[in-house]
Amino acid sequence: MRNSTNSVTTKNNIYLSIGVIILITLFCCSLFVGKYPLSLAKILQGDELQIKVFMTLRLSRAVVGLIGGFALGISGFIYQTIFRNPLAAPDIIGVSSGASAGAAFGILFFSGALSVTLCSFGGALVSVGLAILFSSLDKTDRKSTVILAGIAVHSLAQTFLMILKTMADPEKQLASIEYWIMGSLNGINSHIIAGNLILCAACLAVLFLLHRQSLLLSQDEAEARMLGVDVSKMRFIILIVSTLVVSSVVSLTGLISFVGLLAPHSARKLTGNNSAKTMFLGGIVGGIILLAADILARSVAQTELPVSIFTSLIGAPFLVLLIFRRRDKI
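Bear in mind the structure is a predicted one, so any value in this text is a computation, not a measurement. Position labels on residues start from 1 in each chain and follow its written sequence. A pLDDT threshold of at least 70 governs which residues receive local features in this predicted model, and a stricter bar of 80 or more applies before side-chain atom pairs are shown or counted, although totals over entire chains, interfaces and linings include all residues. The side-chain figures draw on all heavy atoms in the structure; neither hydrogens nor water molecules are used.

Asks: So what exactly am I meant to see when it comes to the side chain of threonine 278 here?
Replies: Relative to the helices and strands, threonine 278 resides in helix H13 (residues 276-299). When checking whether two residues touch, look at their non-hydrogen atoms; a contact exists if any pair is within 4.5 Å. For threonine 278, the residues in contact, after removing those within four places along its chain, are Phe77, Ala267, Arg268, Thr271 and Asn273. Per the convention used, a helix needs a DSSP run of H or I reaching at least four residues, while a strand needs a run of E reaching at least two, with both numbered from the N terminus.

See the structure below:
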């Protein structure tokens, strides 16, 4: 028994090590991919323009790709665990679209990165609240209910977004709103990311500290209460923190599809369990997916493409496959 446990631990450590190596490699590649050519030799020689582009644009973009993907992978893991549904993810249950609608509201009626982040969080919070409310109306306790509720919330958020777009100034605000909808790391610079990344990192630390409680919430409520968990209070706290993580990323990158669905599933497929290492591996896979998609978005065409094109090309077929494989279980 001990040998079997040691074998699983060793295997998981290998997966984590490989994932970290791939993530670091993609991070380094991201620093030097783009329309303006950067040279490590020139940066080390002190070329002012090279250093400015590297520090202000490339480094901040790579950091957001890494941390943003990591955060979406972790939040997807949490949503799937809390809702006990393999299809639950920030974009599937309407949280990401709600955050985007909130960000659009902030662009339209307020100014400044802080206002957009707060409005994004508000939109995400309303979305997850509505998803929980709608799913609670079904007393059968089916796992598919939260997904159906999420689809309804997504539709409501998209309707609200269309209304906001009709009210926006076509020359200024509308272009910014369209940016959020498409999802892109273009335009990210060191002047706008500090607050969001600090908030995101703090919330991720809380989620890891509450990992055990998250796993207990995936069990039957009566069993979780017997183990000393205040189910309602803990679910509320974890969902709030997870939603704040999503909104802090979306307010920077716009709507990024399927990362929160793909990453935790890939991690569970490799480890075969829901441990803290699996959660961390899900974050690593999320960072790998977003960095790889951003590198492709910058390099496969003359003009930069939205990142969500590449995440959706992988995520949409994966979602269809997942639905068919689990249609009798959800």
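Asks: Before we go on, may I ask you to explain the nonpolar core in this structure?
Replies: Nonpolar side chains in soluble globular proteins tend to be buried together. Definition used in this section: a nonpolar core is a set of buried Ala, Val, Leu, Ile, Met, Phe, Trp, Tyr and Cys residues joined via side-chain atoms within 4.5 Å. A simple rule labels every residue: compare its accessible area, found with a 1.4 Å probe on the protein chains alone, to the largest value its type can have, and call it buried under 20%, exposed over 50%, or partly exposed in between. Judged by nonpolar contacts, the single largest core of 89 residues is most densely connected at Ile78, Tyr79, Phe83, Ile93, Leu207 and Ile238. Here the element with the most residues in this core is helix H3 (residues 48-82); it accounts for twelve residues. Apart from the residues lying within four places of it in its own chain, the contact partners of isoleucine 238 are Ile78, Ile82, Leu207, Leu210, Gln213, Ser214 and Leu217.

Asks: Please clarify how the state of the cysteines should be interpreted in this entry.
Replies: Among covalent bonds in proteins, the disulfide is the one between the sulfur atoms of two cysteines. Count a disulfide wherever a pair of cysteine sulfur atoms falls within 2.5 Å. Per the counting criterion, the structure on display carries zero disulfides. Cysteine 28 provides the cysteine sulfur closest to cysteine 29, a residue in no disulfide bond, and the two sulfurs are 7.0 Å apart. A disulfide-free cysteine, cysteine 200 has its sulfur positioned 7.1 Å from the sulfur of cysteine 203, the nearest such atom.

Asks: Where do I start with the confidence of the model for the protein chain in this structure?
Replies: In low-pLDDT regions, the fine details of the predicted coordinates are not to be read closely. For the protein chain, the average pLDDT comes to 84, and 94% of its residues sit at 70 or higher. pLDDT: the predictor's confidence for each residue, scored from 0 to 100. Element-level pLDDT for the protein chain is lowest in helix H10 (residues 221-226), with a mean of 77, against a maximum mean of 92 in H13.

Asks: Honestly, empty space enclosed by the protein in this entry has me stumped. Any pointers?
Replies: Once rolled over the atoms, a probe with the size of a water molecule shows which space is left empty. Cavity: a set of points on a 1 Å grid over the protein atoms alone where a 1.4 Å probe fits but cannot get out. Pocket: an open set with protein on both sides within 12 Å along at least five of seven lines, its lining residues, like those of a cavity, having an atom within 4 Å of a point. Grid points are joined across faces, edges and corners, and a volume is the space filled by probe spheres set on the points. In total, this model carries one cavity of 30 Å³ or more according to the counting rule given. Looking at the largest cavity, its volume works out to about 40 Å³. In terms of lining, the largest cavity is formed by Val64, Gly68, Asn196, Leu197, Cys200, Ser248, Val249, Leu252 and Thr253. No other element matches helix H11 (residues 231-253), which puts four residues into the lining of the largest cavity. When residues are sorted by character, Ala, Val, Leu, Ile, Met, Phe, Trp, Tyr, Cys and Pro go into the nonpolar class, Asp, Glu, Lys and Arg into the charged class, and all the rest, Gly among them, into the polar class. Taken together, the residues of the lining of the largest cavity sort by class into five nonpolar, four polar and no charged.

Asks: Which parts of the structure should I look at to understand the environment of phenylalanine 258?
Replies: Position of phenylalanine 258 among the secondary structure elements: in the loop between H11 and helix H12 (259-271). The class of phenylalanine 258 is buried, set by a relative accessible area of 13%. Sequence-wise, phenylalanine 258 and methionine 226 are 32 residues apart; in three dimensions their C-alpha atoms are separated by 35 Å. If near-sequence neighbours (up to four positions away) are discounted, phenylalanine 258 is found in contact with Asp91, Ile92, Thr311, Ser312, Gly315, Ala316 and Leu319.

Asks: Just to check I follow, could you spell out the pattern of salt bridges for this structure?
Replies: Between side chains of opposite charge, a pair can form as their charged atoms come close. Within this document, salt bridges are pairs made up of a side-chain nitrogen of Lys or Arg and a carboxyl oxygen of Asp or Glu, the two lying within 4 Å of each other. Per the stated rule, a full pass over the model turns up four salt bridges. Across the pair lysine 165 and glutamate 178 runs a salt bridge whose closest N-O atoms are separated by 3.0 Å. Here lysine 165, found in helix H6 (residues 145-167), pairs with glutamate 178, found in helix H7 (residues 173-182); they are 13 residues apart in sequence, far enough to count as distant. On the basis of relative accessibility, which here comes to 25%, the residue lysine 165 falls in the partly exposed class. Residue glutamate 178 is classed as partly exposed on the basis of its relative accessible area of 27%. Several salt bridges converge on common partners, so that one network encompasses Arg61, Asp294, Arg298 and Glu304.

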